[in-house]
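Survey of secondary and tertiary structure
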Amino acid sequence: MLTALKLVDRAVFHVTLTLAMILLVTMAAVSFYQVTTRFVFEQPSTWSEVTSRSLQIWMVYLGLVAAFRTGSLMAVDMLQRLAPKTLKIVVICAIAGLNLGVLAVMFWYGWSMAERVRFQTLAGVDNPFTGGGISIAIVYTAIPVGAALSIVAVIARFAEEVSRASRGEPVNEAEARARLETEGA
Amino acid sequence: QAQQALKLGYSLAPTSHYGVGATAMAEELERLSDGKFTIEQFPANALGGEREMVEGAQIGTVDIVITSTGPVGNFVPDTLITDIPFLFRDYEHAHAVLDGPIGQEILAQFPNHGLIGLAWGENGFRNLTNNVRPIRTPEDTQGLKVRTMENQVHMRAFQELGVLPTPMAFPELFTALQQGTVDGQENPIGVILSANFSQVQDHLTLTQHVYSPALIILSPIVWDGLTDEEKGWFEEAAAAGAAAMREKVREDADNGVATLKEQGMQVVEDPDRAAFEAALQPAFAEFAERFGQDKIDAIRNTGM
Amino acid sequence: MSTFMLAGMVFFIALGAPIAIAILAASIGGIAFFTPLPLVLVAQRLMTTIDSFPLMAIPFFILAGNLMEAGGISRRLVEFAKALVGGVQGGLAASCVLTCMIFASVSGSSVATTFAIGAIIIPAMIKHGYPKSFGASLQATSAELGVIIPPSIPLILYGVAAEVSIGELFVGGIGPGILIGAALILFVLVYCRINGWGKEDHVGRLPLLSATKEAAWALAMPVIIIGGIYQGVFTPTEASVVAVVYALLVGTIVYRAISWRDLIGVLRRSVIASTIIMFIIAAAGLFSFLITRAGVPAAISAWITSVVSDPAMFLLAVNVFLFLVGMFIETSAAIIVLAPILAPVAISFGVDPVHFGLIMVVNLALGMITPPFGVNLFAACQVAQVPLERIIRHLVPFVLVIVTCLMIITYVPELTLFFRNLAY
Ligand code: NA
Ligand code: NA
């Protein structure tokens, strides 16, 4: 059971991060293509701007999974680092609860928003296969998908932090470094 | 009697024709409802860009929106027909169409798409500016890089004229014109004036190639809570707002061209409209297929 | 509602929640308890706020910065700056400012400047015995120049919102940019002398000629970027992606310093760093929407204009107000909301709109380094791997330097308008 969870956690992390990296490269390629078509070939592209903006949104919400999993979202973690063991675990639980609550809202209402706007089309691009419009729901879906996968990351990170804290080990790299420095000084 | 303060958003400055229209609508609504409904204005995209505000009306985060038809086509495809170039002859023609059965029929489509269309306002006719040469005929437009809106109908028409349509975010446009990233742009006179494009563009042609309406949109969440009498007040107030908006646009266009000349722009006032329309024939055929020749003809024949 | 949201945000941040989550949680609470608004608004703002072409410059400049670091461009720029000004005590700190000035003429974003230069200069400063927190504060502060020296994303936003020529604003940014750069260099030289840091900074510098030769490809970058923008090849936002391509080509083909493995690492770091910043901006977009809709900025602006009657007092009041706003609200959001409200008032007091634009942008750029919400601060902490509260002590003198410069920029309009009047 636990091994299965670990496998899911690792798979989610690697797949989302790899996809986000590919999206970043594609964004850059599309935007550079936009510059070259306009300036070098004098045939300005009409679809590239809206495409790269949409890719950016997917990159951010898929990238969020790795940001949660590695604990890299910016935070002022002074309280956590200075608190005694029991309080520290309470704080870790509270923050995980807050993260999960916000992600649940993002998931639930992100999904509901994507559903509501499904008949609205993206400006500036047509579906290359049908010639019709492309639904803006494609972009909005990034939020519920990113949020759902981030929930996995938050739970995995939480389990790790609690077990570290209960063993009295530093819960994140910043704390590890801070300890090293104070011990060294 | 409970008071209701409504949030009205638009993308331009409070002194613009949108601001004038919003104020007129607010005063009329307050008068008709004897103070029950008041309007609080949020100019200059304070509640988000136009697309976002229209979506906001849909989900109930913005109560009233004054917007160009640009983003509305993505919600209510029927409004796209107004994007066809040279569809309207002049202001009187445009007003007759939009205030008549054709325009009202389009507004009647709005509830099917989760919006209430109260009235047609106005941005005026769009005109072309550029930095390369004075434009009189379609030959003059060949190879110009012109910034256009992200609008398939506009882009298709410009391609037919040999223009290289370049979608670009408005915030980047001034610098792009200044540095020659694009050669020209097209907008109503009021926008050309307020964006100071005369500083970076030498030539203005009064092409009047597209008539740009505006829309006063209400959130269905507000609408559904109104009595029939109150609904009537909203429609009447919106009509008053639209009228004030049109008057201001007319004023700005009349004074605007003179001001732009004073600021050093070379103005071509009488381009060869017939030649442009002839050059656009292949595109018109496509538009007929897309929107229906009967609908286009009905608009063209209004008031003839 | 606004008070509740602000208090909630500060509480959650103090608890140690991710800042973006703290902002979102406070906003969600505000919506649910105090407004009739639907919660789908959360999703709408999280999408729409970052659905912006100018904002794409942030991930691209971050990627460019990481590529410049991996490919040896940043190192050579720093070497060049060191050869130029690094020979004295505190010279390395001065080089940080100078490098940021050079990079600012390529980049329109401060956060990106922090990532690009910080990754090289902060480790170098630590090696030379500077405290990590000083390095991070210096880097965060110097990176402000990214939005003051043209090109600049916030100046573009101001120009659009207040209907002022962006070309004039860019030229107007040169004077204030040089003033702040010079003031920072002067300050760090004195400050390092007082604290006894950087005594060995002159050691291991290259002679100017060979440093210049080494850095030729790196120094060509601003020329290509600025030249490209001013020749109309690309827009200021597109410049960021040109920077990516240039850094990639120079790093792989010319310097042969980037391997496939490095590239994966660069992408991984860039994705995570971009996500962190963009997610905070998205969350701030929801927060500022609620504050704006509640009429807070308009009410405060109306109050300022009702109590103040002469231009000098008005500018002082605006500066105090913007400083407070900058503590809590993201720069772009603040400009979009406030420029259309404040610029007309400034003009009615006889203040030149270009001058006022620079006052706003310099002040709100200061907001990028004032806690609790300062994107530069977050980025610098991320690069230096130091907790936020640890750098506050060294940050205070930097904030005072910028405030002094801001006062000079405010009350000596010629500083901004001299170059503008020369060019236009
Ligand atoms: Na810059
Ligand atoms: Na701040």
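The name an unreviewed UniProt entry assigns to chain A is TRAP transporter small permease protein, from the organism Salinarimonas ramus. Per UniProt, the comment on chain A under Subunit (unreviewed entry) is "The complex comprises the extracytoplasmic solute receptor protein and the two transmembrane proteins." Chain A has a UniProt comment under Subcellular location (unreviewed entry) that states "Cell inner membrane".

Observations regarding the overall build of chain B
Broken down by element type, chain B carries 12 helices and 9 strands. Relative to the 2.2 N^0.38 estimate, which gives 19 Å for 304 residues, the radius of gyration of chain B is 19 Å and therefore close to what a compact globule would have. Considering only C-alpha atoms, chain B reaches an extent of 65 × 40 × 30 Å along its principal axes. Per-residue burial for chain B yields a buried fraction of 63% across its 304 residues. Of the contacts formed within chain B by residues at least 6 apart in sequence, a portion of 74% connects residues at least 24 apart. Put simply, chain B has 20 plus and 43 minus side-chain charges, and the middle of one group is 4 Å from the middle of the other.

So, the interface of chain C and chain A
The interface is formed by 60 residues belonging to chain C together with 58 residues belonging to chain A. Together, the buried faces of chain C and chain A total about 5,300 Å²; carbon and sulfur atoms form 76% of this surface. Summed over the shared surface of chain C and chain A, the result is 2 salt bridges. Note that R53(A) is salt-bridged to D51(C), the shortest N-O span being 2.9 Å.

Side note on a nonpolar patch on the surface
All names here are of chain C. Together, M313, L316, V320, L324, I408, Y411 and V412 give the surface a local cluster of nonpolar side chains, amounting to about 580 Å² of exposed area. At the level of secondary structure, the elements contributing two or more residues to the nonpolar patch comprise α18 (311-328) and α22 (388-411). Top element by residues in the nonpolar patch is α18. It accounts for 4 residues. Among the structural elements, V320 can be located in helix α18.

Section: the packing of helix α1 (residues 2-15) of chain C against helix α16 (residues 260-293) of chain C
Residue and element names in this part refer to chain C. Two elements in contact, α1 and α16, have axes separated by 10 Å at closest approach and are oriented at 155°. Between α1 and α16, the angle is such that the two are roughly antiparallel. Of the two elements, α1 crosses α16, and the hand of that crossing is left-handed. Residues S2, M5, L6 and M9 of α1 touch α16, and the partners they reach there are F287, L290 and I291. Residues that form the contact of α1 with α16 fall into these classes: 6 nonpolar, 1 polar and no charged.

Quick notes on the packing of aromatic side chains
In this description, an aromatic ring pair is defined by two values, namely the gap between the centres and the angle between the planes. Throughout the structure, instances matching the rule amount to 25 aromatic pairs over all chains. When the ring of F134(C) is compared with that of W197(C), the centres are 4.8 Å apart and the planes differ by 45°; the resulting orientation is tilted. In this pair, F134(C) is assigned in helix α8 (residues 132-142) and W197(C) in the loop between α12 (174-195) and α13 (208-214), connecting sequence segments 63 residues apart. Considered together, F134(C) and W197(C) belong to a single accessibility category, that of buried residues. Taking 5.7 Å as the distance between ring centres and 35° as the angle between the ring planes, the aromatic pair formed by F134(C) and F398(C) counts as tilted. Of this pair, F134(C) sits in helix α8 while F398(C) sits in helix α22, and the two are 264 residues apart along the sequence. Per residue, the accessibility class of F134(C) equals that of F398(C), and both read buried. Among the aromatic side chains, those forming a connected cluster through ring pairs are Y130(C), F134(C), F187(C), Y191(C), W197(C) and F398(C). Between the NZ or CZ atom of R300(B) and the centre of the ring of F284(B), over which it lies, the distance is 5.3 Å.

Calculation rules
- Residues numbered from 1 in each chain as written.
- Chains lettered and ligands numbered in written order.
- Predicted model: local features only at pLDDT ≥ 70, side-chain atom pairs only at ≥ 80, totals over all residues.
- Heavy atoms only, no water.
- UniProt positions renumbered as here; feature names shortened; annotations may be inferred.
- Helix = DSSP H or I, 4+ residues; strand = E, 2+ residues; numbered from the N terminus.
- Rg over C-alpha atoms; globule rule 2.2 N^0.38 Å.
- Buried < 20%, exposed > 50% of the residue type's maximum accessible area, 1.4 Å probe, protein only.
- Contact = heavy atoms within 4.5 Å.
- Lys, Arg positive; Asp, Glu negative; His and termini not counted.
- Charge placed at Lys NZ, Arg CZ, Asp CG, Glu CD.
- Buried area = accessible area lost by both parts, 1.4 Å probe.
- Salt bridge = Lys/Arg side-chain N within 4 Å of Asp/Glu carboxyl O.
- Patch = residues over 30% accessible without salt bridge, like charges linked within 9 Å, V, L, I, M, F, W, Y side chains within 5 Å.
- Areas by Shrake-Rupley, 256 points an atom, 1.4 Å probe, with all protein chains shown as cover.
- Axes fitted to C-alpha atoms, helices over the stretch in contact; angles between N-to-C directions.
- Parallel < 35°, antiparallel > 145°, perpendicular 65-115°, else oblique.
- Left-handed = near helix turned anticlockwise from the far one by under 90°.
- Nonpolar A, V, L, I, M, F, W, Y, C, P; charged D, E, K, R; others polar.
- Phe/Tyr/Trp six-rings, centres within 6.5 Å; stacked < 30°, edge-to-face > 60°.
- Lys NZ or Arg CZ within 6 Å of the ring centre and 35° of its normal.

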